[in-house]
Amino acid sequence: MVMPRSSKVYVAGHTGLVGSVITRKLKAGGYDHLVVRSHAELDLENQGAVERFFEKERPEYIFAAAAKVGGIHANNTYRAEFLYKNLQIQNNLIHFAWKYGAKKLLFLASNCVYPKESVQPLKEEYLLTGLLEPTNEPYAVAKIAGMKMCESYNRQYGANFISAIPANVYGPNDNYDSMNSHLVAALIAKFDHAVANKDKQVELWGTGKPLREVIYVDDLADACLFLMHSYDESAPINVGTGKDFSVREIAGMVGDVTGFQGDVTFDSSKPDGMYRKLLDVSRIHKLGWVHKTELNQGLQLAYDWFRKHVKSSGRTVT
Ligand SMILES: NC(=O)c1ccc[n+]([C@@H]2O[C@H](COP(=O)([O-])OP(=O)(O)OC[C@H]3O[C@@H](n4cnc5c(N)ncnc54)[C@H](OP(=O)(O)O)[C@@H]3O)[C@@H](O)[C@H]2O)c1
């Protein structure tokens, strides 16, 4: 079922990394009936406020891209918040989307939903076959609940609610605050800072050995639109590049893009997180979607944006 251009579309989390690009692409595609609310205007944890919003606006298509999101440090430290806030946000979005007659909803899960010891690459059918990685277990449990809500509302009520499982995302508009950020954003901020300070060495968390698949945000947003138009199954679907790199390799590429010429060391007393989480993307490939942006291009685009928009100490922002 293709989403008609005249549809009323709500992007939850439209100011975020992913939501902002989905919104931009919808506007560029001629969707003129977009509904958005900032966090300050509508707290998605507030059940009453969310119900009033849905009752008034009755959006037909919903991109559920609002969540409490963070890197390994934030996930491990704010465990209660990651569980509570994400459950609240997604319960409200999914339940009231159904109650007020939405035609379709896309829920964004995360690759951390897969068991820690899974066979790789991760196929969708491996969900719920083993224990989760402890550092982000609360976040993963919330995301699993969100996917199960979509599936259950589909099976009980016939709601066309679908879930995507994206690889780690990076790109412009990411959170570049190093204590709360994801891998690529944290690396960009750290290496840029080191260049600005003429540091001879950059130390990174963990061993550098874990393998990570990362997807450029525009590619994920394209996939979200593709799935909204063409995917109607309640089973979750992976969205990634199907390629992974070691943290050491990614750090090397970020170092090159930022012009860092010193040494990179690893603090192996800090946690690595899951060793590998490579998505099996054969299902979405068979449907006709593949990513377009390779890692070296995406890192350059992300760093160009960072240089323009984020002030890094000691460095003139152009
Ligand atoms: N980034 C990744 O690597 C990654 C990987 C896999 C999956 N995902 C998933 O993709 C989705 C989008 O992630 P993202 O990286 O774009 O996250 P993000 O940049 O942190 O954006 C999250 C958005 O949600 C909003 N939000 C958070 N709590 C809210 C609340 N209580 N009420 C209203 N709005 C709220 C934020 O607004 P404020 O900023 O104003 O709070 C922001 O607009 C999430 O579901 C995430 O789990 C992300």
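Above this text sits the structure in question.
Fair warning: this is a prediction, and the values are worked out from it, not measured in the lab. (Residues numbered from 1 in each chain as written. Predicted model: local features only at pLDDT ≥ 70, side-chain atom pairs only at ≥ 80, totals over all residues. Heavy atoms only, no water.)

Caption draft 1: Just the site of the ligand, in detail. The full set close to the ligand counts 25 residues, and Thr15, Val18, His39, Tyr139 and Val169 are the nearest of them. One nitrogen or oxygen atom from the main chain of Leu44 is found 2.9 Å from a nitrogen atom belonging to the ligand. Contacts to the ligand include Val169, whose backbone N or O atom sits 2.8 Å from an oxygen atom. Protein contact buries 83% of the 890 Å² of open area that the ligand shows by itself. Mapped by element, the contributors of at least two residues to the shell around the ligand are α1 (17–28), α5 (137–157) and β6 (168–170). Taken together, the residues of the shell around the ligand break down into 15 nonpolar, seven polar and three charged. (Near = heavy atom within 4 Å. Polar contact = N/O pair within 3.5 Å; in protein donor to acceptor, adjacent residues only side chain to side chain. Areas by Shrake-Rupley, 256 points an atom, 1.4 Å probe, with all protein chains shown as cover. Helix = DSSP H or I, 4+ residues; strand = E, 2+ residues; numbered from the N terminus. Nonpolar A, V, L, I, M, F, W, Y, C, P; charged D, E, K, R; others polar.)

Caption draft 2: Quick look at the packing of helix α8 (residues 247–258) against helix α10 (residues 295–309). It is the contact of α8 with α10, at a shortest axis distance of 10 Å, that shows an interaxial angle of 50 degrees. It follows that α8 is oblique to α10 by the angle criterion. Taken as a pair, α8 and α10 cross one another with a handedness that is right-handed. Where α8 approaches α10, its residues Ile250, Met253, Val254, Val257 and Thr258 are matched on the opposing element by Leu295, Leu299, Gln300 and Tyr303. (Axes fitted to C-alpha atoms, helices over the stretch in contact; angles between N-to-C directions. Parallel < 35°, antiparallel > 145°, perpendicular 65-115°, else oblique. Left-handed = near helix turned anticlockwise from the far one by under 90°. Contact = heavy atoms within 4.5 Å.)

Caption draft 3: View of the pattern of salt bridges. Within this structure, the stated rule accounts for 21 salt bridges. Of the charged contacts in the structure, one is a salt bridge between Asp244 and Arg276, with a shortest N-O distance of 2.7 Å. Within this pair, whereas Asp244 is found in the loop between β10 (237–239) and β11 (245–246), its partner Arg276 is found in the loop between β12 (263–267) and α9 (282–287), the two being separated by 32 residues in sequence. When salt bridges that share partners are traced, they join Arg24, Lys25, Asp218, Asp222 and Lys292 into one network. (Salt bridge = Lys/Arg side-chain N within 4 Å of Asp/Glu carboxyl O.)

Caption draft 4: Fine view of the packing of aromatic side chains. Counted by the stated rule, this structure contains 14 aromatic pairs. A ring pair is formed by Trp98 and Tyr157, whose centres lie 4.1 Å apart and whose planes are at 15 degrees; its orientation type is stacked. Of this pair, Trp98 sits in helix α4 (residues 79–99) while Tyr157 sits in helix α5; the two residues are 59 residues apart in sequence, bridging distant segments of the chain. (Phe/Tyr/Trp six-rings, centres within 6.5 Å; stacked < 30°, edge-to-face > 60°.)

Caption draft 5: Focus on α4. Here α4 contains 21 residues, and its C-alpha end-to-end distance of 30 Å stays within 8% of the 30 Å for a straight helix at 1.5 Å per residue. Within the sequence span of α4, burial applies to Phe82, Asn86, Ile89, Gln90, Asn92, Leu93, Ile94, Phe96 and Ala97. Just downstream of α4, Gly101 is the residue with a positive phi angle, here 75 degrees. (Expected span 1.5 Å × (residues − 1). Buried < 20%, exposed > 50% of the residue type's maximum accessible area, 1.4 Å probe, protein only.)

Caption draft 6: Here's a closer look at the pairing of strand β3 (residues 61–64). Of the two faces of β3, both are covered, the one formed by Tyr61 and Phe63 as well as the one formed by Ile62 and Ala64. Sheet analysis places β3 next to strand β4 (residues 104–108), joined by four bridges and oriented parallel. Opposite Ile62, over in β4, you have Leu105 as the bridge partner. (Pairing = 2+ DSSP bridges.)

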